[in-house]
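Here are the chains, one letter per residue:
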Amino acid sequence: MIAVEGLRVRAGGFLLEADVVVPAGALCAVIGPSGAGKSTLLAAVAGFAPVEAGRVSAAGRDLAGLAPAERPVTLLFQENNLFPHLTVARNVGLGLRPSLSLTRPERARVDAALAETGLEGLGERLPEQLSGGQRQRAALARALLRDRPALLLDEPFAALGPGLRAEMMALVERLTAPRGIAVLMVTHHPDEARRADLAAFCALTAQGGRIDGARPAAALFADPPAGLAAYLGDAGGDLAPR
Amino acid sequence: MARRDEPVTEALPRRVALTGGAALVLLLALTLGSVAVVALRAERAGALGPADWRALSFTLRQAFWSAALSTAFAIPLARALARRRFPGRAALTTLLGAPFLLPSIIAILGVIAVWGRSGWVSEALMAAGLARLNVYGMPGVLIAHVFFNLPLATRLMLQAYAAVPPERWRIAAQLGVEGRALFRLLEWPAIRAAAPGAFALVFSICATSFAIALALGGGPRATTLEVAIYEAAAVSFDLDRAARLAAVQFAVCAAAALAALALAAPPAAGFGVRLCVERWDGRGRAARAADALALALAILFLALPLAGVAARGVAGLGALTGAAGAAVWAAAGRSLAVALGSTLLTALLALPLAALVAALDRRPFAARLAEAGALTPLAASPFVIGVALFVVLRPVADPAALALPLTALVNAAMATPFAVRILAPAIRDAEADHGRLADSLGLSGWTRTRAVHVGRLRAPLGFALGLAAALSAGDLGVIALFSRPDAPTLPLLMHLLAGSRNVDAAFGAAFVLTGLAFALFLGFDRLGRGR
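Fair warning: this is a prediction, and the values are worked out from it, not measured in the lab.

Considering helix α4 (residues 132-146) of chain A
Helix length check: α4(A), at 15 residues, gives a terminal C-alpha distance of 22 Å against a target of 21 Å (1.5 Å per residue), a fit within 8%. Counted residue by residue, α4(A) has twelve buried out of 15 residues, so it is predominantly covered. All of the buried residues in α4(A) are G133(A), Q136(A), R137(A), A138(A), A139(A), L140(A), A141(A), R142(A), A143(A), L144(A), L145(A) and R146(A). Buried residues belonging to α4(A) abut β6 (73-76), α2 (88-93), α3 (104-116), β7 (150-154) and α5 (162-176) of chain A together with α7 (166-175) of chain B. Trailing α4(A) by a residue or two, D147(A) shows a phi angle of about 55°, which is positive.

Here it is in structure tokens:
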């Protein structure tokens, strides 16, 4: 479970206020205009943005004061998740321990994670030899080995085409739901937000942005608040859940 | 990015072709023409003598060690600056850009104030009952070169750090990768990418060292090629030997400049390195101590000479009275005139050249050729050009009577590569953004230039001309070759004063010269930014 309660994060003149709870095994999409602070929310949970007020917890643990590496959290970005001069297997192996030497059983676990994400046999390649989708699969494989109860995805599939995006969404659901991992995913694609379990709208405010809790995605899109309806534009009415 | 999908074979605008072509021919005459003059003359001069070989050997050795030490010390300094946040850090990274503008004679005085026979270090050693330091020769040359080039090498490495995508630092922090593992994972690849370029650039700068080697070198064993050329041409009036040495100097310079260009951007490119990435590693005591040590040593090493010049300069201002004072102010006036003339010449050379390079964008080979022509001054050292001008002009005119205009001309040639490198991308960008719009509106000539380029070029032009003005005002190079002692520029006068008994006046003049160089740079830069 990821719980964000009464969070206030300030960056320069920008203020993000957020309340979101994501139960274990659920996927919550955060959607909204750029500049409203969606990524700031993830940075605050992962320990990369200083929290001014409020409480952030994951799997029941209060995260205040924990260094990024100590948090029960994995964060993935849209790109640059892999280190370019390390092989895919070594990149994934970093999820087991932050050095580059692995034991034989650990190497077997790396291979298993690669197989589970559809990268069997690609471990010895360099990231540049993979496609964009395959690189994100490798980043997900590393997240699996890290085995943290919370997964944060910052527009992870924005650079991919629609078909591939749907495929990757399905992969994330398949990997996380059975393990009880709570997923918080930032996106600007309504189709991704729609198929999530929960969705939260990040609205622009005078001072910055605000997130007022998550609702079941179907319910949110069936009856969008004014800000979300405006953000979705015409597409909002036509693309109601089928 | 809009991509041109159809091959466009627009004719090169005639104005650009004519002015750019003229500037290119003039610049090539100054550089390749000088090399030809020098080579023809050197052919008569016979083989290298033992003194020539010594000068070549010292030039290469001091350039190698200057480059090696600057690059090696830059690694811990860049590492500390990249991962630490502390008050004054922004000021410190800005200061790393200052030595590029600092006249070399100031650094020389600073090194003398700290490391000289009666400098602070010597006084401290005396107080401790030890002997005074004697840094003249290789040590003094290396100290001054590292003082100048450590900041440059550090800036190049900070650029490499800044090129690492910020996500990677976060991923590493999340994975708990720290210390040596993080160094291997992210830092070493960045450093390894920047170090060869930094080494080559510092080597090529130090290979043409004149003022520092002249003032801090010691006798025939520590003489660079540039100093040997100066002595042959201006002291012993042996133009054949000067030409012979100039030919060798050109070979060294061209090789070093080619290596530097292949491996690194020119030094002016890395002026404003901004590092906004926050870091989460290095919280351990050992890492903090290592960074604190690197920063403290670097600040001491870089700031002490400046403090030394400032301290003795304040005292020396009192010496700027009477005849010495009048001479300093007259020399300052000459330096200002040379700097402004050189700045104008730089603009006249660099603007058409940059426009030509940018306009040839669609013919990559021709563009590269034009750009290579604009960069030839990096391969021909100031003294190669100076000796050639001397050889050509002496039958028809007295070079000494033309000392100031010739200095301005050579300074402008040396500043042109930087200016072109700064201006050409700006012209190219402006053209890419609004060139087609202007064409579709039927704009041409000056109207088109005004609509597309003027607003966009102001800031880079101000910056480039500020660099040119400051470099020229502080230059102590070919002026020594041409000038009679009775009409020196300010840097030359300071060199003469420092070698005479009136060292105080030299330090006093340091204040005036530093003020002049930085005021010129800031003035032009502000003008460009519309403030």
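With respect to the domain arrangement of chain A
Residue and element names in this part refer to chain A. Domain annotation of chain A identifies domain 1 (2-72 + 149-238) and domain 2 (83-147). Each of domain 1 and domain 2 has a C-alpha centre, and these two points are 26 Å apart. Facing 14 residues of domain 1, the contacting portion of domain 2 comprises eleven residues. The contact between domain 1 and domain 2 buries some 1000 Å² in all, and 65% of this surface belongs to carbon and sulfur atoms. Ionic pairing is found between E116 and R179, a salt bridge with its closest N-O pair at 3.0 Å. With seven residues, α5 is the single largest residue contributor to the side of domain 1 that touches domain 2. Partitioning the side of domain 1 that touches domain 2 into residue classes produces ten nonpolar, no polar and four charged.

What to know about the environment of F183(B)
All names here are of chain B. Within the fold, F183 resides in helix α8 (residues 179-207). Sequence spacing of F183 and A347 is 164 residues, and the spatial spacing of their C-alpha atoms is 44 Å. When sequence neighbours within four positions are dropped, the list of residues in contact with F183 reads R79, W188, P189 and I191.

A few points about the nonpolar core
Grouped together as the largest cluster of nonpolar side chains are 199 residues, with contacts concentrated most on L41(A), F83(A), L152(A), L184(A), L490(B) and M494(B). Each of domain 1 (2-72 + 149-238) and domain 2 (83-147) of chain A accounts for three or more of the residues forming this core. Setting aside residues no more than four positions away along its own chain, L152(A) makes contact with I2(A), L42(A), V45(A), A46(A), V73(A), T74(A), L75(A), L76(A) and L184(A). In terms of nonpolar packing, the next biggest core, distinct from the first, is built from 29 residues, A29(A), L171(A), A196(A) and L232(A) among them.

A word on the packing of aromatic side chains
Residue and element names in this part refer to chain B. Here the structure, examined in full by the defined rule, presents eleven aromatic pairs over all chains. Look at F64 and W65: their rings are 5.2 Å apart centre to centre, the planes differ by 85°, and that puts the pair in the edge-to-face class. Given a relative accessible area of 38%, F64 falls into the partly exposed group. Exposure remark for W65: the relative accessible area of 45% places this residue in the partly exposed category. When the ring of Y161 is compared with that of W169, the centres are 6.2 Å apart and the planes differ by 10°; the resulting orientation is stacked.

Observations concerning the pattern of salt bridges
Residues and elements named next belong to chain B. Inspection of the entire model under this criterion finds 27 salt bridges over all chains. For R83, the salt bridge is made with D281, and the minimal N-O distance between the two is 3.7 Å. Note that R83 is positioned in helix α2 (residues 50-83) and D281 in the loop between α11 (239-263) and α12 (285-317), a separation of 198 residues in sequence. A residue is classified by how much of its surface remains accessible, and D281, at 8% relative accessible area, is buried.

Things to note about the environment of F83(A)
Here F83(A) shows up in the loop between β6 and α2. Sequence separation between F83(A) and A49(A) is 34 residues; the distance between their C-alpha atoms is 23 Å. Among residues more than four places away in sequence, those in contact with F83(A) are N91(A), L94(A), P127(A), R142(A), R168(B), I171(B), A172(B), L175(B), L185(B) and L186(B).

With respect to the confidence of the model for chain B
Residue and element names in this part refer to chain B. Mean pLDDT over chain B works out to 87, with 95% of the residues at or above the 70 mark. Confidence, read as mean pLDDT per element, is least for helix α3 (residues 89-95) in chain B (83) and greatest for α2 (94). Scored below 50 in pLDDT, residues 1-9 shows five contacts in the model against residues more than four places distant or in partner chains. The model gives residues 267-273 a pLDDT under 50, and that stretch makes 23 contacts with residues more than four places away or in other chains. The complex model carries a pTM of 0.83, and its ipTM stands at 0.82.

Analysis parameters
- Residues numbered from 1 in each chain as written.
- Chains lettered and ligands numbered in written order.
- Predicted model: local features only at pLDDT ≥ 70, side-chain atom pairs only at ≥ 80, totals over all residues.
- Heavy atoms only, no water.
- Helix = DSSP H or I, 4+ residues; strand = E, 2+ residues; numbered from the N terminus.
- Expected span 1.5 Å × (residues − 1).
- Buried < 20%, exposed > 50% of the residue type's maximum accessible area, 1.4 Å probe, protein only.
- Contact = heavy atoms within 4.5 Å.
- Domains from an automatic or database assignment.
- Buried area = accessible area lost by both parts, 1.4 Å probe.
- Salt bridge = Lys/Arg side-chain N within 4 Å of Asp/Glu carboxyl O.
- Nonpolar A, V, L, I, M, F, W, Y, C, P; charged D, E, K, R; others polar.
- Core = buried A, V, L, I, M, F, W, Y, C linked by side-chain atoms within 4.5 Å.
- Phe/Tyr/Trp six-rings, centres within 6.5 Å; stacked < 30°, edge-to-face > 60°.
- pLDDT = per-residue confidence, 0-100.

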